[in-house]
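# Secondary and tertiary structure notes
Take a look at the letters that make up each chain.
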Amino acid sequence: MLTVDCNDVASIKNDLLVYVADQVTAIPTLKHNQFTLSSLDDDEIIDTAVVISAIKEYLDSIDEGRHFAVISNNDVINIKSISGKVIENNSAESQPQMFSCTHCGYVTPYQVELNVHMRIHYI
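The structure displayed is predicted, hence computed values, not measured ones. (Residues numbered from 1 in each chain as written. Predicted model: local features only at pLDDT ≥ 70, side-chain atom pairs only at ≥ 80, totals over all residues. Heavy atoms only, no water.)

Next up on the list: unusual backbone geometry. One can expect most non-glycine residues to show negative phi and most peptide bonds to be in trans. Phi at Asp-63 is positive, roughly 60 degrees, even though this residue is not glycine. Mapped onto the elements of the fold, Asp-63 is located in the loop between helix H2 (48-61) and strand E4 (68-73). (Helix = DSSP H or I, 4+ residues; strand = E, 2+ residues; numbered from the N terminus.)

Written out as structure tokens, the structure is:
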């Protein structure tokens, strides 16, 4: 399992998560200012170099690649601003908090609904 720290790019975290999870074929899990990627098979290991490459590709696609460094430290990948720039959210309204099931990827905006959903995995 890899953790991607998105403090400096929090406003694009959701879009970045979708792009990277598709490129790596992993199960994403949203957290406050980070997301985790888990392999589909427990025996499989997610290649950190592929994740870093996907993050850089996404940042380049939105013309922000030159402003951010992607640094790996064991199972944590940090996206850090080189120039102190923070990507601002372009939309007027903020994104609602989403919660994701670590077992199957089910996504809901309600923490209580996620808790009820997760119980079915243990029945």
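For Glu-64, the position within the fold is in the loop between H2 and E4. Glu-64 sits in the buried class, given a relative accessible area of 12%. Aside from chain neighbours lying at most four places away, what touches Glu-64 is Leu-59, Lys-85 and Ile-87. (Buried < 20%, exposed > 50% of the residue type's maximum accessible area, 1.4 Å probe, protein only. Contact = heavy atoms within 4.5 Å.)

What characterises a pair of aromatic rings is the spacing of the ring centres plus the angle enclosed by the ring planes. Overall, the coordinates contain one aromatic pair when judged by the stated rule. Summarising the aromatic geometry, the rings of Tyr-19 and Tyr-58 are spaced 5.6 Å apart at their centres and angled 45 degrees between planes, so their arrangement reads as tilted. Of this pair, Tyr-19 sits in helix H1 (residues 13-24) while Tyr-58 sits in helix H2, placing them 39 residues apart in sequence. (Phe/Tyr/Trp six-rings, centres within 6.5 Å; stacked < 30°, edge-to-face > 60°.)

We now examine a negative patch on the surface. A surface patch of like charges, here negative, comprises Asp-41, Asp-42, Asp-43 and Glu-44. Tracing the backbone shows Asp-41 in the loop between strand E3 (34-39) and H2. Given a relative accessible area of 39%, Asp-41 falls into the partly exposed group. (Patch = residues over 30% accessible without salt bridge, like charges linked within 9 Å, V, L, I, M, F, W, Y side chains within 5 Å. Areas by Shrake-Rupley, 256 points an atom, 1.4 Å probe, with all protein chains shown as cover. Salt bridge = Lys/Arg side-chain N within 4 Å of Asp/Glu carboxyl O. Lys, Arg positive; Asp, Glu negative; His and termini not counted. Charge placed at Lys NZ, Arg CZ, Asp CG, Glu CD.)

Further remarks concern the side chain of Asn-78. Positionally, Asn-78 belongs in strand E5 (residues 76-81). A relative accessible area of 18% places Asn-78 in the buried class. Not counting residues within four places of it along the chain, the set of residues in contact with Asn-78 comprises Asp-5, Ala-69, Val-70 and Ile-71.

Following the criterion strictly, the structure yields one salt bridge and no others. One salt bridge in this structure joins Arg-66 and Asp-63, with 3.1 Å as the shortest N-O distance.

Time to look at the sheet that holds E4. The strand order across the open sheet formed by five strands is E2-E3-E1-E5-E4, and the pairing between neighbours is mixed. The sheet is open, and its two borders are formed by strand E2 (26-30) and E4, each paired with just one other strand. Going from strand to strand, the sheet's axes swing by 20 degrees on average, the running direction of each strand aside. Lying on the sheet, H2 is in contact with strand E1 (2-5), E3, E4 and E5; it crosses E4 at an angle near 165 degrees. (Pairing = 2+ DSSP bridges. Axes fitted to C-alpha atoms, helices over the stretch in contact; angles between N-to-C directions.)

Quick look at the nonpolar core now. Residues Leu-16, Val-51, Ile-55 and Ile-79 are the most contacted members of the largest nonpolar core, which totals 26 residues. Every element with two or more residues in this core is listed here: E1, H1, E2, E3, H2, E4 and E5. (Core = buried A, V, L, I, M, F, W, Y, C linked by side-chain atoms within 4.5 Å.)

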